Amino acid sequence: MQSVRKELSLRAADLLEDIDQLSGTNVVILGDVMLDEYIFGSVERISPEAPVPIVRIESEEYRLGGAGNVAKNITGLGGTAKLFGTLGHDGSAVRMREMFQLHGIEDNCFQESERLTTCKTRIIAQHQQIVRIDREPECRPSSAALEFLLREVAEAMKTSNVLIVSDYGKGIVSTPVMHRLRAICEALPHSPRIIVDPKPKNYSAYSGVALLTPNTKEAGIEAIACREMSEKRSDVVHRDVLEAGQRLLRELHCKELLITLGAQGMMLFQSASQAVHIPTAARKVYDVTGAGDTVIAVMGLAMASGLPTLQGCLLANYAAGIVVGQIGATAVTPDQLREVVLSWPIPQVCQHSYKCHCSS
Ligand SMILES: Nc1ncnc2c1ncn2[C@@H]1O[C@H](COP(=O)(O)OP(=O)(O)OP(=O)(O)O)[C@@H](O)[C@H]1O
Ligand SMILES: [Mg+2]
């Protein structure tokens, strides 16, 4: 693959104007909502019952995960988040509903007594995760639940330009559901766009959406390709990333594709012959969980406010850079975004134009 690179010049003043546009926009989120439970404690001895540590609990914490975390990122940045998903009739659902209220999220979740609320419990002692316990529904949402959600989403889309689908592979998303969502958006005169944080097992369902935001693993990029990218100069982009992006853009029939590359930032594919690499803006990294939720939340807000995709990516990259530098998932605020745009060095964004000879 022959590629020609060109550095794009960015101005902090333009980015600040873009941040102002994010607040006040209205985004609809449909997806797998889940609860993250953290139990912190200490280990003093091994159990006499089995060769396992005994953890004495010191504190517990609950956080919104999955589509709930996307919604939290949206309200944190001053947007309106209308959230659609399913919950069980259990303690996790009660906790989640309290947190939706706390974060100003419009909660439109459907409760089903036959299904558990998805909850991931991490037990952490001496700064180490000892075990993770998952509670998950065993079946897909009922057709009554899906019909309710699709009807309500159709209503909500009348006043929104963007639908975020946050697919964590827990059952909300399927080919028929994506088909219905596309039909809902296509029937509206303002043609709202659908953007998806995908799971590879559902790739065939996303055909025709406006934007997909897979991470490297979901994009099928070998970890080695990213490591090689970081070993070279940060502006040198590995051929494997470009090839994987072109292949996905072609095969998934999405209009645009944003591959998040962890420590290497992100790469935006908008056409068959061009990609833009945005290196990470992060200054320090403590906890990378939830960075992907922040990326799709900012992309949703940016698109809903009419910003071009690249401008959305630049802001999403800054916001993810803030999130990975914080311990625990705290939502980014517009003031924090403004502060980092002014205080961090502006990333060297590179446009790559190339001819791809790779076979499909
Ligand atoms: N180790 C890191 N160093 C610097 N920036 C990072 C790092 N990890 C993530 N980021 C930032 O966060 C963005 C999204 O990260 P990543 O590619 O890990 O998404 P993800 O795997 O979907 O995240 P998750 O599923 O944990 O929410 C990246 O594009 C980058 O801007
Ligand atoms: Mg992700």
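See above for the structure.
Please read these numbers as outputs of a predicted model, since none were measured by experiment.

> Could you clarify how one ought to interpret the pairing of strand β16 (residues 274-278) in this entry?
Consecutive residues of a regular strand have side chains that alternate between opposite faces of the sheet. Within β16, four of the five residues are buried, leaving the element largely enclosed by the surrounding structure. Where strand β15 (residues 266-271) and β16 come together, five bridges link them in antiparallel fashion. The partner of L268 across the bridge, within β16, is V276. Pairing geometry for β16 and strand β17 (residues 349-355), over four bridges, is antiparallel. If you follow Q274 over to β17, its bridge partner there is S353.

> Can you walk me through the side chain of S92 in this structure?
As for its position among the elements, S92 is in helix α3 (residues 91-102). Setting aside chain neighbours within four positions, we find S92 in contact with L35, T117 and C119.

> Mind showing me how you'd approach empty space enclosed by the protein here?
Empty space among the atoms can be located by rolling a probe the size of a water molecule over them. Summed over the entire model, instances satisfying the criterion amount to two cavities of 30 Å³ or more. Empty space within the largest cavity amounts to approximately 80 Å³. If you trace the largest cavity, you find it lined by G31, D32, V33, T86, R115, L116, T118, P137, P141, K170 and I172. Classifying every residue of the lining of the largest cavity by side-chain character gives five nonpolar, three polar and three charged.

> Explain the site of ligand 1 here, please?
Around ligand 1 lies a shell of 20 residues, among which N215, T260, G265, T280 and G292 are the nearest. Measuring from an oxygen atom of ligand 1, one finds a backbone N or O atom of G262 at 3.0 Å. One of the side-chain N or O atoms of T280 is found 2.9 Å from a nitrogen atom in ligand 1. Summarising the interface, the protein chains cover 82% of the accessible area of ligand 1, which totals 620 Å² for the free molecule. Here ligand 1 is seated within the largest pocket. Looking at the shell around ligand 1, the elements that each hand over two or more residues are α8 (291-304) and α9 (309-324). For the shell around ligand 1, the element with the most residues is α8, which contributes four residues.

> Explanation requested: the environment of T80 in the structure shown.
Within the secondary structure layout, T80 lies in strand β5 (residues 80-84). Not counting the four nearest positions on each side in its chain, T80 is found in contact with T25, N26, V27 and I74.

> Hey, could you run me through a nonpolar patch on the surface in this one?
There is a patch of nonpolar side chains on the surface, built from I130, V131 and I133 and spanning about 210 Å² of accessible area. Residue position: I133 is located in strand β10 (residues 128-135).

> Which parts of the structure should I look at to understand the layout of surface pockets?
By volume, the largest pocket is sized at about 1,100 Å³. Only β3 (33-46), β4 (53-66), β9 (119-125), α8 and α9 provide two or more residues apiece to the lining of the largest pocket. Taken together, the residues of the lining of the largest pocket break down into 16 nonpolar, 16 polar and 12 charged. Estimated volume of the second largest pocket: approximately 220 Å³. Lining the second largest pocket, in full, are Y38, F40, G41, E58, R122, I124, A125, Q126, H127, Q128 and Q129. If you list the elements that add at least two residues to the lining of the second largest pocket, you get β3, β9 and β10.

> Can you walk me through the pattern of salt bridges in this structure?
Where charged atoms of side chains with opposite charge meet at close range, the side chains can pair. The tally for this structure, following the rule as stated, stands at 16 salt bridges. The salt bridge partner of R180 is E147, with a shortest N-O separation of 3.0 Å. Taken together, the residues R180 in helix α5 (residues 175-186) and E147 in helix α4 (residues 143-156) connect sequence positions 33 residues apart. A single network of salt bridges, built from pairs that share partners, joins D20, D335 and R338.

> Is there a simple way to think about the packing of helix α1 (residues 12-22) against helix α10 (residues 334-343) in this case?
The geometry of a pair of packed helices is captured by two quantities: the angle between their axes and the separation between those axes. One can describe the packing of α1 onto α10 by two numbers: an axis separation of 10 Å at closest approach and a directional angle of 170°. One finds that α1 runs roughly antiparallel with respect to α10. Along the contact surface, α1 presents A12, L15, L16, I19, D20 and L22, while α10 presents P334, L337, R338, V341 and L342. Considered class by class, the residues forming the contact of α1 with α10 number nine nonpolar, no polar and two charged.

> What am I meant to see in the packing of α9 against α10 here?
Running from N to C, α9 and α10 point in directions that differ by 100°, and their axes come no closer than 10 Å. In this view, α9 runs roughly perpendicular relative to α10, as classed from their interaxial angle. Contacts between α9 and α10 involve L315, Y318, A319 and I322 on the former and, on the latter, Q336, L337, V340 and V341. The residue inventory of the contact of α9 with α10, partitioned by class, reads seven nonpolar, one polar and no charged.

Rules behind the numbers
- Residues numbered from 1 in each chain as written.
- Chains lettered and ligands numbered in written order.
- Predicted model: local features only at pLDDT ≥ 70, side-chain atom pairs only at ≥ 80, totals over all residues.
- Heavy atoms only, no water.
- Buried < 20%, exposed > 50% of the residue type's maximum accessible area, 1.4 Å probe, protein only.
- Helix = DSSP H or I, 4+ residues; strand = E, 2+ residues; numbered from the N terminus.
- Pairing = 2+ DSSP bridges.
- Contact = heavy atoms within 4.5 Å.
- 1 Å grid on protein atoms, 1.4 Å probe; cavity = no way out; pocket = protein on both sides within 12 Å on 5 of 7 lines; lining within 4 Å.
- Points joined across faces, edges and corners; volume = space filled by probe spheres on them.
- Nonpolar A, V, L, I, M, F, W, Y, C, P; charged D, E, K, R; others polar.
- Near = heavy atom within 4 Å.
- Polar contact = N/O pair within 3.5 Å; in protein donor to acceptor, adjacent residues only side chain to side chain.
- Areas by Shrake-Rupley, 256 points an atom, 1.4 Å probe, with all protein chains shown as cover.
- Sits in = over half its atoms within 2 Å of the grid points.
- Patch = residues over 30% accessible without salt bridge, like charges linked within 9 Å, V, L, I, M, F, W, Y side chains within 5 Å.
- Salt bridge = Lys/Arg side-chain N within 4 Å of Asp/Glu carboxyl O.
- Axes fitted to C-alpha atoms, helices over the stretch in contact; angles between N-to-C directions.
- Parallel < 35°, antiparallel > 145°, perpendicular 65-115°, else oblique.

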